[in-house]
Amino acid sequence: MAEMRLVVAGAGGRMGRTLIAALAAMDGVVLAGAVEASGAGVIGRDAGELAGLGKTGIPVTTDPEPLLAKADGLIDFTIPAATVIFSELMAKKGLVHIIGTTGLSGEDEKMITEAAKRAVIVKSGNMSLGVNLLAALVKRVASTLDDEFDIEIMEMHHNKKIDAPSGTALMLGRAAAEGRGVDLGKRSVRARDGHTGVRKVGDIGFAALRGGTVVGEHNVIFAGPAERLELAHKAEDRMIFARGALKAALWARGQKPGLYSMMDVLGLSDF
């Protein structure tokens, strides 16, 4: 089978540059284009040079449509407003759309779900193998331990991250809620300040820390009477997310239109 041709959205950002480097290192995929928002300082620059690879002959542009005409899919770690636009564009063209964008609203999610009727979309708050295994374990542990065990999720990221809790923390929260058979939207506690009263049984708490250059750390704590179980993942390099996204793209090639997750890619849906 021919190499899968992929366009990278947000090519000038940290993840965009990492994705370009990952594409150069992985068999079966090739960079078909690089896109950035109009006004970005990297417009016109060579995508390979941005990623520290040397010249590739592929300049960063603002218009994805000409690139997608000769591509199989798009990798998108951008911002919610851009991701929603890309999802409709990919639906129109019937191509693969890999979404690693976080901070999506309920309305954004609805629009992406609608786009997935015509495109193959793989969306995840985290593309790494380790985090998705962690989510599967969280769901299993939450279903095994009863409400005597309080669930708290703590995450830390670099000081440039703009959304909180992180998409990964929310993914872990959803896994815990599924394990408990509850609605996360009704049981999550995002902030505590002042005289809050005692903790409500069955709540799922979140704490977000920001500082330095931390790539990503997540801890899920099950705190029970006289004992505590902690499940954790620490990301040391953004390359783990990039490789996961590219594996998701290769998996998505040939799938029927629909909205998938990394759990589907890794065969963990029924874990």
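The model shown is predicted, which means the values in this text are computed figures rather than measured ones. (Residues numbered from 1 in each chain as written. Predicted model: local features only at pLDDT ≥ 70, side-chain atom pairs only at ≥ 80, totals over all residues. Heavy atoms only, no water.)

1. Digging into the sheet that holds strand E5 (residues 96-99)
Thinking step 1. Pairing is parallel in the open sheet, where 7 strands are placed in the order E3-E2-E1-E4-E5-E6-E12. Two strands bound the open sheet, and with one partner strand each, they are strand E3 (60-61) and strand E12 (258-260).
Thinking step 2. Relative to the sheet, helix H1 (residues 14-25) contacts strand E1 (4-9), strand E2 (29-35) and strand E4 (73-76), its axis offset from that of E1 by approximately 165°. (Pairing = 2+ DSSP bridges. Helix = DSSP H or I, 4+ residues; strand = E, 2+ residues; numbered from the N terminus. Contact = heavy atoms within 4.5 Å. Axes fitted to C-alpha atoms, helices over the stretch in contact; angles between N-to-C directions.)

2. A word on the packing of aromatic side chains
Thinking step 1. Enumeration over the complete set of coordinates arrives at 1 aromatic pair.
Thinking step 2. Between the aromatic rings of Trp251 and Tyr260, the centroid separation amounts to 5.1 Å while the plane-to-plane angle is 80°, which identifies the pairing as edge-to-face.
Thinking step 3. The side chain of Arg190 reaches across the aromatic face of Phe206, ending 5.4 Å from its centre. (Phe/Tyr/Trp six-rings, centres within 6.5 Å; stacked < 30°, edge-to-face > 60°. Lys NZ or Arg CZ within 6 Å of the ring centre and 35° of its normal.)

3. Considerations on a nonpolar patch on the surface
Thinking step 1. A surface patch of nonpolar side chains, amounting to about 240 Å² of accessible area, comprises Leu129, Leu133 and Leu266.
Thinking step 2. For Leu129, the position within the fold is in helix H6 (residues 129-144). (Patch = residues over 30% accessible without salt bridge, like charges linked within 9 Å, V, L, I, M, F, W, Y side chains within 5 Å. Areas by Shrake-Rupley, 256 points an atom, 1.4 Å probe, with all protein chains shown as cover. Salt bridge = Lys/Arg side-chain N within 4 Å of Asp/Glu carboxyl O.)

4. A word on the pattern of salt bridges
Thinking step 1. This model, assessed by the stated rule, comprises 15 salt bridges.
Thinking step 2. With its nearest N and O atoms 3.3 Å apart, the salt bridge here joins Asp150 to Arg199. Highlighted residues: Asp150 in strand E7 (residues 150-157) and Arg199 in the loop between strand E8 (188-189) and strand E9 (204-210), separated in sequence by 49 residues.
Thinking step 3. Residue classification places Arg199 among the partly exposed residues on the basis of a relative accessible area of 28%.
Thinking step 4. Salt-bridge contacts for Arg228 lead to Glu230; the nearest nitrogen and oxygen are separated by 2.8 Å. (Buried < 20%, exposed > 50% of the residue type's maximum accessible area, 1.4 Å probe, protein only.)

5. Topic: the pairing of strand E6 (residues 120-123)
Thinking step 1. Where burial is concerned, the two faces of E6 agree: the one with Val120 and Val122 and the one with Ile121 and Lys123 are both buried.
Thinking step 2. One ladder, built from 4 bridges, connects E5 with E6; its direction is parallel. Residue pairing across strands places Ile99 opposite Lys123, the latter belonging to E6.
Thinking step 3. As for the winding sense of the linkage, the β-α-β connection from E5 through helix H5 (residues 106-115) to E6 is right-handed.
Thinking step 4. Both E6 and E12 contribute to a ladder of 3 bridges, which runs parallel. Each bridged residue has a counterpart across the sheet, and for Ile121 the counterpart in E12 is Leu259. (Right-handed = clockwise from strand over helix to strand, strands pointing away.)

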